[in-house]
Number of protein chains: 2
Amino acid sequence: MDIISVAIVEDNHDIRTAMELLINGSDGYACVGTFNNGETAVEQIPNLLPNVALMDFNLPGGMNGIECIARLKAEHPDMQFMMLTVYEDDDKIFQALEAGASGYILKKTSPGELLEAIRDVHEGGSPMSSQIARRVVAYFQKQAKPNPALEALTSREKEILDQLSKGFLYKEIASNLYISIETVRRHVHNIYEKLHVRSRTDAVNKYYNR
Amino acid sequence: MDIISVAIVEDNHDIRTAMELLINGSDGYACVGTFNNGETAVEQIPNLLPNVALMDFNLPGGMNGIECIARLKAEHPDMQFMMLTVYEDDDKIFQALEAGASGYILKKTSPGELLEAIRDVHEGGSPMSSQIARRVVAYFQKQAKPNPALEALTSREKEILDQLSKGFLYKEIASNLYISIETVRRHVHNIYEKLHVRSRTDAVNKYYNR
DNA sequence: AATTACTTAACACGAAAATGTGATACCAAA
DNA sequence: TTTGGTATCACATTTTCGTGTTAAGTAATT
């Protein structure tokens, strides 16, 4: 079994050393660096090239864990990042994932599970507590629910709205659908009424459920 | 500990009875119904009201597991659905999650883990194998790639574009940002030039990376 | 047969957006 | 110091958009 090299970015001294001891004390794991702030982490981690970096969210100085991941991931796409934090808010979770974190686990996770998660993320998995996973899943389900107001539109109106969303001028829509501009106007007017909006951008935003 | 009632929708007879035996043979779990096709499942499950429904993907007849979930979830939002399948394709995973599945595990999962996953999904988690989770995470990272053209915008221009995307009139943007309409117009003009678009909607589409 | 909903179309008015050009001021980098 | 980028404001003109009103043909429903 190969040894997984790990870097730790965590401002709390006690937690940091505890994790370092855990990792260095476990077969198959080696802690190659610890950092208490984002700036030095971004500077030094490219020299260490750990397999996995554990990231806290809050860090002293201007850089938080998210930004730290984003910068390192951009230069080292193969490096695996795992958030290790106390936060369960949707915003922070999604930001971390977008920034390039592959795993997201809470600090209350047991040492054994932490080690397992490190191995998991190194082997191509995405360990996350099932509460975190539920947030992520909820995101998909939210995405999926189309605005019920759209159901009130006729199929022609949906077609027009789709054209609107693509930024076509009325004259272009008219030409695309082989109808007159006046008819386009009419449809648009009806669409706005049904969606309770007064502008194209608002209509498109409803179309995309924002 | 409360007993978790489970329904199984699975066309393979051997797998179905094996799962039924597993569930009924374990403390804290009860299998209240098994179905070998989607139609009867959709018809009967509302009478059984199980806590958790396990769903296979492929089912005989016109209805697959995804559609089955979508229909039942619409009527019973509190019921928990878990896909139990052999498929690992992105499409099927995302479709299942959008339809309302909260968990997604593979059939190769061990009996012990399956029971654990059933409890997990019942308690508000979203159990999924970490390979599945990685697919989901990759979706976020893909989503995150901002249009590089946006980088050319100054911070003020991004601010204006954000206002544009929310559908504000020029006069409203001017008032929101404490500048004159003329300045708004100038910024918008520069934004359009940089993004190579000629309308608000096109600019907003680029902003949202479509 | 009458009603309702959808699609099509036209005209007119005012508001808003887009285009084009010119100009001033600040700040930081060359 | 000059240059370049950014932010600011102004004026004139044209185009597009949003709204109100009216109306005819079609298809489905009652």
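The shown structure was predicted, so the numbers you read here are calculated from the model rather than taken from an experiment. (Residues numbered from 1 in each chain as written. Chains lettered and ligands numbered in written order. Predicted model: local features only at pLDDT ≥ 70, side-chain atom pairs only at ≥ 80, totals over all residues. Heavy atoms only, no water.)

### Observations regarding the protein's contact with DNA strand D
Consideration 1: As a structural note, the neighbourhood of DNA strand D is formed by 20 residues, with Tyr170 of chain A together with Thr154, Arg156, Ser180 and Arg185 of chain B the closest of them.
Consideration 2: Considering DNA strand D, the proportion of its atoms within 4 Å of the protein that are sugar or phosphate atoms stands at 66%.
Consideration 3: Take Tyr192 of chain A: an N or O atom from its side chain is 2.9 Å from a phosphate oxygen of DNA strand D.
Consideration 4: One of the side-chain N or O atoms of Glu182 of chain B is found 3.1 Å from a base nitrogen in DNA strand D.
Consideration 5: The set of elements that each furnish at least two residues to the surface near DNA strand D consists of helix H8 (170–177) and helix H9 (181–195) of chain A together with helix H9 (181–195) of chain B.
Consideration 6: If you tally residues by element for the surface near DNA strand D, the top one is H9 of chain B, at six residues.
Consideration 7: Within the surface near DNA strand D, the residues separate by chemical class into four nonpolar, six polar and 10 charged. (Near = heavy atom within 4 Å. Polar contact = N/O pair within 3.5 Å; in protein donor to acceptor, adjacent residues only side chain to side chain. Helix = DSSP H or I, 4+ residues; strand = E, 2+ residues; numbered from the N terminus. Nonpolar A, V, L, I, M, F, W, Y, C, P; charged D, E, K, R; others polar.)

### Here we look at helix H7 (residues 155–165) of chain B
Consideration 1: Taken as a whole, H7 of chain B has its buried residues at Glu157, Ile160, Leu161, Gln163, Leu164 and Ser165 of chain B.
Consideration 2: Packed against the buried residues of H7 of chain B are helix H10 (200–207) of chain A together with helix H8 (170–177), H9 and helix H10 (200–207) of chain B.
Consideration 3: Looking one or two residues beyond H7 of chain B, the residue adopting positive phi is Gly167 of chain B, at roughly 85 degrees. (Buried < 20%, exposed > 50% of the residue type's maximum accessible area, 1.4 Å probe, protein only. Contact = heavy atoms within 4.5 Å.)

### A look at the interface of chain B and chain A
Consideration 1: On the side of chain A, 37 residues touch chain B, which itself brings 35 residues to the contact.
Consideration 2: Its largest share of buried area at the contact with chain A, chain B owes to Arg134, Phe140 and Thr201 of chain B, together 24% of the area lost on that side.
Consideration 3: Applying the counting criterion to the chain B and chain A interface returns 15 residue pairs in polar contact (both at pLDDT 80 or more).
Consideration 4: Elements with a minimum of two residues in the side of chain B that touches chain A: helix H4 (90–99), helix H5 (111–122), helix H6 (130–144), H7 and H10 of chain B.
Consideration 5: Here the side of chain B that touches chain A takes 10 residues from H6 of chain B, the largest share from any one element.
Consideration 6: Classifying every residue of the side of chain B that touches chain A by side-chain character gives 14 nonpolar, 14 polar and seven charged. (Buried area = accessible area lost by both parts, 1.4 Å probe.)

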